[in-house]
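# Overview (structure and organization)
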Amino acid sequence: MTTPGTPPQPSAPHAAGPATPFQKLLRAQRVWDVALPAFDPAGAPADPLSLFHAWFAEAVAAGQAEPHTMGLATVAEDGGPDVRTVVLHDADGRGWHFASHASSRKGRQLAARPEAALHFYWASRGRQIRIRGRVTTAPHAESLADLHARSTGALAAALVGRQSEPLSSCDELARASAAAWDRARAEPDADAPTWTLYVLEPVEAEFFQGDERRRHVRLRYRRDQGQGQNQGRGAAAAGEWTRELLWP
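Nothing here was measured: the structure is a model prediction, and the numbers come from that model. (Residues numbered from 1 in each chain as written. Predicted model: local features only at pLDDT ≥ 70, side-chain atom pairs only at ≥ 80, totals over all residues. Heavy atoms only, no water.)

Attention now goes to the overall build of the protein chain. Within the protein chain one finds 6 helices and 9 strands. Taking the intrachain contacts of the protein chain between residues at least 6 apart in sequence as the baseline, contacts between residues at least 24 apart amount to 67%. Of the roughly 14800 Å² that the protein chain leaves accessible, carbon and sulfur atoms contribute 54%. (Helix = DSSP H or I, 4+ residues; strand = E, 2+ residues; numbered from the N terminus. Contact = heavy atoms within 4.5 Å. Areas by Shrake-Rupley, 256 points an atom, 1.4 Å probe, with all protein chains shown as cover.)

Take a look at the structure:
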């Protein structure tokens, strides 16, 4: 029993016993049952965008499933982290592009605190990339142009709207989706008022190359907060980035 005012004592360690079925299943999984590529950081380009483009192309060539999907972490309303998987729309001199409804949960979070982190994992190459930075919104005309360049299904999903709102039933979603598909086919240039293209301008990017002997290579690019931010100068100049290796 804990006396009032006394910090709670740590619980006793869990006694070791036979592995559970889940633990057996979990421990039977293998990591990187493929030949991993070598990565010499000394030959890496001066800016992270060039390296990202090269690694992305190599992931596609290796048959990586959905290499354009990424984890997007934002700051939740209570100050804690929040994360989900989204699709990369572009990566250029402005930053890494993704889209969502401004009225969605992540949209509201980004409006309140416009900073985020991205995470890519490409198991076929034993590689992951982590990117942090400030997020800005593109003009609505650019957001719509990006949406209209995608599939009919993407437009239909955007027209459904109401992302992150409570849903009364799957039937309600089916009806709204069917109506949105009909409109997307009839009006390929239809407006989706809350659809927003976001751009994350990186201040830090880390490239991780896995190694079978656990001598992983981690190369981090860092840029001062005041350099290159929102200046529209295209790709960051080589002098803006500092590269350093990290212990795995």
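Summed over all chains, the structure comprises 12 aromatic pairs. Considering the side-chain rings of F52 and W96, the 5.3 Å spacing of their centres and the 80° angle between planes classify their relative orientation as edge-to-face. Here F52 is found in helix α2 (residues 48-61), whereas its partner W96 is found in strand β4 (residues 95-101), with 44 residues between them in sequence. Each member of the pair F52 and W96 is classed as buried. Over the ring of W55 we find R127, and its NZ or CZ is 4.1 Å from the ring centre. (Phe/Tyr/Trp six-rings, centres within 6.5 Å; stacked < 30°, edge-to-face > 60°. Buried < 20%, exposed > 50% of the residue type's maximum accessible area, 1.4 Å probe, protein only. Lys NZ or Arg CZ within 6 Å of the ring centre and 35° of its normal.)

Looking along a regular strand, one sees side chains alternate from face to face of the sheet. Note that strand β5 (residues 115-122) and strand β6 (residues 127-137) share 8 bridges and pair antiparallel. For Y121, the partnering residue across the bridge sits in β6 and is Q128. Joining the antiparallel neighbours β5 and β6 is a turn of 4 residues, in which G126 adopts a positive phi near 65°. Two strands pair when backbone bridges link them, and β6 and strand β7 (residues 195-209) are joined in this way by 11 bridges, in the antiparallel orientation. For R130, the partnering residue across the bridge sits in β7 and is E206. (Pairing = 2+ DSSP bridges.)

Let us look at a nonpolar patch on the surface. Residues F22, L25 and L26 make up a contiguous nonpolar surface patch of roughly 340 Å² in combined accessible area. Looking at the secondary structure, you find L26 in helix α1 (residues 21-27). (Patch = residues over 30% accessible without salt bridge, like charges linked within 9 Å, V, L, I, M, F, W, Y side chains within 5 Å. Salt bridge = Lys/Arg side-chain N within 4 Å of Asp/Glu carboxyl O.)

By size, the foremost hydrophobic cluster in this structure holds 29 residues, and its most contacted members are F52, W96, F98 and F120. Going through the elements one at a time, α2, β1 (69-75), β4, β5, β6, β7 and β8 (217-223) are the ones with two or more residues in this core. With 5 residues, the top contributor of residues to this core is α2. Contact partners of F120, with chain neighbours within four places excluded, come to F52, P67, T69, M70, L88, W96, R127, Q128, I129 and I131. Residues L155, A156, A192 and L197 belong to the second largest nonpolar core, which totals 14 residues. (Core = buried A, V, L, I, M, F, W, Y, C linked by side-chain atoms within 4.5 Å.)

Time to look at the side chain of H101. Along the polypeptide, H101 turns up in strand β4. Separated by 3.2 Å, the side chain of H101 and the backbone oxygen of A158 make a polar contact. Non-local contacts of H101, meaning those with residues more than four positions away in its chain, are made with G107, A157, A158, G161, Q163, T194, W195 and Y198. (Polar contact = N/O pair within 3.5 Å; in protein donor to acceptor, adjacent residues only side chain to side chain.)

This next bit is on helix α3 (residues 105-112). Residues K106, G107, Q109 and L110 constitute the buried set of α3. Down the axis of α3, the smallest arc covering the buried residues is 165°, so these residues share one side. Facing away from the buried side of α3 by over 90 degrees, the exposed positions are A111 and A112. Packed against the buried residues of α3 are β1, β2 (81-87), β4, β5, β6 and β7. (Arc of directions from axis to C-beta.)

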